[in-house]
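For reference, the chains in residue letters:
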Amino acid sequence: MQGFASEFSSAIALILNGDAELWAIVLLSLKVSIFAVLISAVIGMPVGAALAVARFPGRRMLIVLMNALMGFPPVVVGLLVYLMLSRSGPLGVLELLYTPTAMIIAQVVLVTPIVAALTRQVIEMLAEEYSEQLRSLGVSRLASVPVLLWDARLALVTALLAGFGRAIAEVGAVIIVGGNINHVTRVMTTTIALETSKGNLALALALGAILIGIAVAVNAMVSTLSLRAEREGLRHA
Amino acid sequence: MIRNFLRAAVVTLGLTAAPASAEAPFIVVQSTTSTQNSGLLDYILPGFEAETGIDVRVVAVGTGQAIRNAINGDGDVLLVHAKQAEEQFVTEGWGVERFDVMYNDFVLVGPKSDPAKVRGGTDIVAALAAVAGAEATFASRGDDSGTHKAEMRLWDTVDTDPTAASGTWYRETGSGMGATLNVASGMDAYTLTDRATWQSFGNQGNLEVLVQGDPRLFNQYGVILVNPEKHPRARAAAGQRFIDWLIGPDGQSAIASYKLDGQQLFFPNAD
């Protein structure tokens, strides 16, 4: 294992010495996952909030379903998206298979339930807290959704980060719909899978360390931003 | 502020995250992990791309999956190593015509301790029989890949059904060659691998080549154009150019000149 340690550190050095190809891979990972999270937010937040405040038959079942979808196996999502986008699938004409867009679609499917379920939880608590005030102002349940979402924005950042964590770390779906094509759809996780299959374990592990570093950096950045926003909010209040 | 951020994000990400399909012509080649993991394709493709301006996008999966993907139309060219399945692919009309491209061979690798005592043999059938007799751990691909098909043909010759022992000494990984070699390396198991993947594999650990040189270990690669009559959107013209190049003098000499640690991994044999 001594050889492994030195191999690992030389792999890290190699990576940090500005390997242009690697940084292109890192950038593509970030692009795909950030884009997927943004789309998931646009879909998942209103849906989650609506489920929190609306009352209709079957609501509980929908919530259970949504919570269960948080654990949707990525490989299955990849397979479903593949079948849709394949040339012999219903959306084959779009020619999206093996493109970054296909990877975004797969990640949106994975991340949206997480964002929606966590939003539902946050908004439900908030709606209970404010129910008196909202009622006295004569605001209907659904009309209160935008207000509640805005008020809960700092808590919802956590929902987005959870979704981002799932997206950036995921390999099973993107390797099927992206194809791990060099310079086109190769991202961090698929590169790690490829290097592992080549038996380059030290390099694979070093890439994993970089991926974790990126995840930490993104989380730190977002938490700093939301902390600052919180302080500003208090000052204005 | 949030709206501005979103807009900025959409602009910066949206433009660049769009597929690059519009500008450069490209083809998708469904191929096997051995051609990619060994570094062969990374070595020979730039020559073709420089000459023609056609970008070759390689999806490297097991032969079985590559063929299925090609049947679905999700590729323009098929480059794999399971002659029987390839011919069936053409007979069923999914492919236009099959051409030999190159060959190498399979080898039996196993732990240095060699519990089945097969080291130095050149008879793969006798070696597999010895492994089964000793109930020595054997890692099989178990994934319908070209290598897996070759392994199952050899077991047929041994007249042993190893899958009856699945889960005991016979382990089906259901994974690619590299993953299976990692398993074999981790549990000191025997496994059948193509020589190219083995030669370029970084985690050989306690394994070494024990049996080689049997003519039955011959490993032929073929290339087929996906039939544009079945899949009108297949990029047939560009795909044909790639095949012509691959089985022509430029492609063949590029294949022959690829060496790893001074050793040639693939031997061109197009007609």
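Residues numbered from 1 in each chain as written. Chains lettered and ligands numbered in written order. Predicted model: local features only at pLDDT ≥ 70, side-chain atom pairs only at ≥ 80, totals over all residues.

Engineer: I'd like to hear about the overall build of chain A, residue by residue, with values.
Structural biologist: A tally of regular secondary structure across chain A gives 10 helices and 0 strands. Taken from N to C terminus, the helices and strands of chain A fall in the order α-α-α-α-α-α-α-α-α-α. Seen along its three principal axes, the alpha-carbon backbone of chain A occupies a region of about 70 × 50 × 30 Å. Evaluated residue by residue, chain A yields a buried proportion of 43% over its 237 residues. Across chain A, every contact between residues at least 6 apart in sequence was considered, and the portion connecting residues at least 24 apart equals 79%. (Helix = DSSP H or I, 4+ residues; strand = E, 2+ residues; numbered from the N terminus. Buried ≥ 20, exposed ≤ 12 C-beta atoms within 10 Å, placed from the backbone. Contact = placed C-beta atoms within 7 Å.)

Engineer: I'd love a proper account of the overall build of chain B, names of residues and values included.
Structural biologist: Regarding its fold elements, chain B presents 11 helices and 12 strands. Principal-axis analysis of the C-alpha atoms places the extent of chain B at approximately 65 × 55 × 40 Å. The buried share of chain B, taken over its 271 residues, is 47%. Considering only intrachain contacts with a sequence separation of at least 6, the fraction spanning at least 24 residues in chain B is 75%.

Engineer: Can you explain the interface of chain A and chain B? Please cite residues and give values.
Structural biologist: Every contact between the two is made by 24 residues of chain A and, on the other side, 28 residues of chain B. Counting only elements with at least two residues in the side of chain A that touches chain B, the list comes to α2 (20–53), α5 (100–136) and α9 (188–197) of chain A. Here the side of chain A that touches chain B gets 5 residues from one element, more than from any other, and that element is α2 of chain A. Across the side of chain A that touches chain B, the residue classes break down as 11 nonpolar, 9 polar and 4 charged. (Nonpolar A, V, L, I, M, F, W, Y, C, P; charged D, E, K, R; others polar.)

Engineer: Please set out unusual backbone geometry residue by residue, giving values where relevant.
Structural biologist: Within the chain, Asn180 of chain A stands out as a residue other than glycine whose phi angle is a positive 50°. Mapping Asn180 of chain A onto the fold places it in the loop between α8 (172–178) and α9. Exposure remark for Asn180 of chain A: the 23 C-beta atoms within 10 Å place this residue in the buried category. Unlike most non-glycine residues, Asp261 of chain B shows phi in positive territory, near 50°. Within the secondary structure layout, Asp261 of chain B lies in the loop between β10 (259–260) and β11 (263–264). Given 7 C-beta atoms within 10 Å, Asp261 of chain B falls into the exposed group.

Engineer: Could you give me a rundown of the domain arrangement of chain B, with the residues and numbers involved?
Structural biologist: Residues and elements named next belong to chain B. Each assigned domain of chain B is listed with its residue range as follows: domain 1 (26–103 + 221–268) and domain 2 (105–217). Averaged C-alpha coordinates put domain 1 and domain 2 at centres separated by 26 Å. With 18 residues of domain 1 at the interface, the matching set in domain 2 holds 14 residues. Of the residues in the side of domain 1 that touches domain 2, the class split is 7 nonpolar, 11 polar and no charged. (Domains from an automatic or database assignment.)

Engineer: Now, about the nonpolar core: what can you tell me, with residues and values included?
Structural biologist: One finds Val81, Ala102, Ala106 and Val177 of chain A together with Val77 and Leu78 of chain B to be the most contacted residues of the largest nonpolar core, which totals 109 residues. By residue number, the principal contributor to this core is α5 of chain A, which donates 18 residues. When sequence neighbours within four positions are dropped, the list of residues in contact with Val77 of chain B reads Ile27, Val29, Val223, Leu225, Val226, Gly239, Phe242 and Ile243 of chain B. Ranked by size, the runner-up nonpolar core spans 30 residues in total, among them Tyr170, Met177, Leu207 and Val211 of chain B. (Core = buried A, V, L, I, M, F, W, Y, C linked by C-beta atoms within 7 Å.)

Engineer: Account for the environment of Asp76 of chain B, with residues named and values stated.
Structural biologist: All names here are of chain B. One can find Asp76 in the loop between α4 (63–71) and β3 (77–80). Asp76 sits 158 residues away from Ala234 along the chain, and the two C-alpha atoms are 5.4 Å apart. Setting aside chain neighbours within four positions, we find Asp76 in contact with Ile27, Val28, Val226, Ala234, Arg235, Ala238 and Gly239.

Engineer: I'd like a description of the pairing of strand β1 (residues 26–32) of chain B, backed by residues and values.
Structural biologist: Where a strand is regular, its side chains alternate between the two sheet faces. All names here are of chain B. Taking burial as the measure, the 7 residues of β1 include 7 buried ones, the bulk of the element. Where β1 meets strand β2 (residues 55–61), 7 bridges bridge the pair, whose relative direction is parallel. From the neighbouring strand, Thr32 faces β2, where its bridge partner is Val61. Sheet analysis places β1 next to β3, joined by 3 bridges and oriented parallel. Note that in β3 the partner of Gln30 across the bridge is Leu78. (Pairing = 2+ DSSP bridges.)

Engineer: Describe the environment of Ala126 of chain B, naming the residues involved and giving the relevant values.
Structural biologist: As for its placement among the helices and strands, Ala126 of chain B is situated in helix α6 (residues 124–134). Separated by 31 residues in the primary sequence, Ala126 of chain B and Thr157 of chain B have C-alpha atoms spaced 9.7 Å apart.

Engineer: Lay out the confidence of the model for chain B with the relevant residues and their values.
Structural biologist: Chain-level pLDDT for chain B is 91 on average; 92% of the residues reach the 70-or-more range. The ipTM assigned to the predicted complex is 0.84, against a pTM of 0.88. (pLDDT = per-residue confidence, 0-100.)

Engineer: Break down the environment of Leu246 of chain B for me, with residues and values.
Structural biologist: Residue and element names in this part refer to chain B. For Leu246, the position within the fold is in helix α10 (residues 236–247). What makes Leu246 buried here is the crowd of 25 C-beta atoms within 10 Å. Along the primary structure Leu246 and Gly121 are separated by 125 residues, whereas in three dimensions their C-alpha atoms are 35 Å apart. What Leu246 contacts, discounting residues up to four positions off in sequence, is Val101, Val223 and Gly251.

Engineer: Give a description of the packing of helix α3 (residues 59–69) of chain A against α5 of chain A that names residues and reports values.
Structural biologist: All names here are of chain A. Look at α3 against α5: their axes get within 8 Å of each other, and the N-to-C directions meet at 130°. The orientation of α3 relative to α5 falls into the category oblique. As α3 packs across α5, the resulting crossing turns out to be left-handed. Facing α3, whose interface residues are Ile63, Met66, Asn67 and Leu69, α5 presents Pro113, Ala116, Ala117 and Arg120. Of the residues belonging to the contact of α3 with α5, the class tally is 6 nonpolar, 1 polar and 1 charged. (Axes fitted to C-alpha atoms, helices over the stretch in contact; angles between N-to-C directions. Parallel < 35°, antiparallel > 145°, perpendicular 65-115°, else oblique. Left-handed = near helix turned anticlockwise from the far one by under 90°.)

Engineer: Can you break down the packing of α5 of chain A against helix α7 (residues 153–169) of chain A residue by residue, with the values?
Structural biologist: All names here are of chain A. Relative to each other, α5 and α7 sit at 155°, their axes nearing to 9 Å. Taken as axis vectors, α5 and α7 run roughly antiparallel relative to one another. Considering how the two elements wind past one another, α5 and α7 form a crossing that is right-handed. From α5, Gln107, Leu110, Val111, Ile114, Val115, Leu118, Thr119 and Val122 reach across to α7, where they touch Ala155, Leu156, Ala159, Leu160, Ala162, Gly163, Arg166 and Ala167. The residue makeup of the contact of α5 with α7, split by class, is 12 nonpolar, 3 polar and 1 charged.

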